[in-house]
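# Architecture at a glance
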Amino acid sequence: MKKYIVKMMMLSMMVIMVACVKNGDKDAKMENKKQNESESIAEKPKNQYVTDKGKVYYDGKVVKGAKTGTFEWIEGTWYGKDENNVYFEGEKIGKLEGKPIERINNYLVKSGNTLYYFYWKIDNLKNSKMEIIANKEDGAEYYIKDGKNVYFLERNINFLEFDGKLILLRNIDYNTFEVVNKKYFRYVKDKTGIYYVANGKADELKGLDKNSFKIIDFVFSADKNRVYYRGIKLENVLSNGFEVVGNVYDVSYYLKDRDKVYFLNEISELSVVEKADPKTFALIDDLYSKDKNNVFCNGKILEGADVKSFKVFYDSDVETAKDSKHGYYDCYSVR
């Protein structure tokens, strides 16, 4: 009996540890979701640079190397400058080229052919004929035309090789390049086709019927026959009746068309949700979903769950669920 009690105590401790880790992952993903949702709210930059007793401060910290006599805030941005350098949030990012500073939006300024973008100085554009297309005042994504080529500039913390780098879109025709919709900034077109720009390249939507093309949201689009995710065709998914049901912690998606329900996981693998009824399928919360017959989790039936009595609740900030017979945690029955 004593061994049994010790064993159960150890098992309980393991469950608590796993719960803490999982909940931490969930909180991080939910925070990312909140951040993505807040991107549409324009934040007007305010001057946080202060000069005092021969030093320049940003948000209470000394700006190293800044010259107080010539230092000034670049109005409407997060940048400052003195006679020698440009600064972003108090950090020196590069030498000032001696030409007037031009504000593009909150996060980008230019001087001649040189761009200052967050913590980067970009000075490899040699053609003086420069056109910059920004998606919005507080956006951090840009298309840049130099008279010959089209480039894309973005923050990309998932792929650091593209983060703050000027990416040449090699397969885009310069003369006919156009942003399809500024709200959905990554969809562009030229005389050849329509593209989705991400991770260092422009992916053409293969087999697309241009006349019936429509943008659904930031990552999904469709024509009269097909559905595309980030520019890639989702095989066998019909545009007829297509709907994004919802997402799981902002990294996976439930989708449905006229005939089936699908689960698109965090690495873009698509699978059919077996036995799911598309007419009644709906999300319960960020993890669980249901139709008229079953409860689902991560694209699969939650075995043994009673759809009529199934409920989700939070116990000490840990997401759990229960029905009339069992309790559930992270897609598993726990009691």
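Here's what I pulled together on the structure shown here. Fair warning: this is a prediction, and the values are worked out from it, not measured in the lab.

Residue placement: D257 occurs in the loop between β25 (252–256) and β26 (261–264). Despite its burial, D257 remains without a salt bridge, the nearest opposite charge being carried by R258 at 6.5 Å. Of the polar contacts made by the side chain of D257, one reaches the backbone nitrogen of L238; its length is 3.0 Å. Among the polar contacts listed, one links the side chain of D257 to the backbone nitrogen of D259, at a separation of 2.9 Å. Those residues in contact with D257 that sit more than four places away from it in its chain are N236, V237, L238, N240, G241, F242, Y262 and P278.

To continue, consider the state of the cysteines. Joining two cysteines, a disulfide is a covalent bond between their sulfur atoms. With the rule as written, the count across this model stands at 1 disulfide. Each sulfur in the disulfide pair C297 and C331 lies 1.8 Å from the other. Because the sign of the S-S torsion sets the handedness, a value of about -55° for the bond joining C297 and C331 places this disulfide among the left-handed ones. Pair noted here: C297 is in strand β30 (residues 295–297) and C331 is in the loop between β34 (327–329) and β35 (332–333), with a separation of 34 residues, a long-range link. For the pair formed by C297 and C331, the shared burial category is buried.

What follows deals with the sheet that holds β25. Sheet strands line up and pair through hydrogen bonds in the backbone, either parallel or antiparallel. In spatial order, the strands read β24-β25-β26-β27; together these 4 strands make up an open sheet with antiparallel pairing. Unpaired on one side and paired on the other, β24 (243–248) and β27 (270–272) mark the two borders of the sheet. Taken over all neighbouring pairs, the strand axes of this sheet differ in orientation by 25° on average, direction set aside. As paired strands, β24 and β25 are joined by 5 bridges and run antiparallel to one another. Each residue of the ladder has a partner; that of V248, found in β25, is S252.

What counts, and where the lines are drawn
- Residues numbered from 1 in each chain as written.
- Predicted model: local features only at pLDDT ≥ 70, side-chain atom pairs only at ≥ 80, totals over all residues.
- Heavy atoms only, no water.
- Helix = DSSP H or I, 4+ residues; strand = E, 2+ residues; numbered from the N terminus.
- Buried < 20%, exposed > 50% of the residue type's maximum accessible area, 1.4 Å probe, protein only.
- Lys, Arg positive; Asp, Glu negative; His and termini not counted.
- Salt bridge = Lys/Arg side-chain N within 4 Å of Asp/Glu carboxyl O.
- Polar contact = N/O pair within 3.5 Å; in protein donor to acceptor, adjacent residues only side chain to side chain.
- Contact = heavy atoms within 4.5 Å.
- Disulfide = S-S within 2.5 Å.
- Pairing = 2+ DSSP bridges.
- Axes fitted to C-alpha atoms, helices over the stretch in contact; angles between N-to-C directions.

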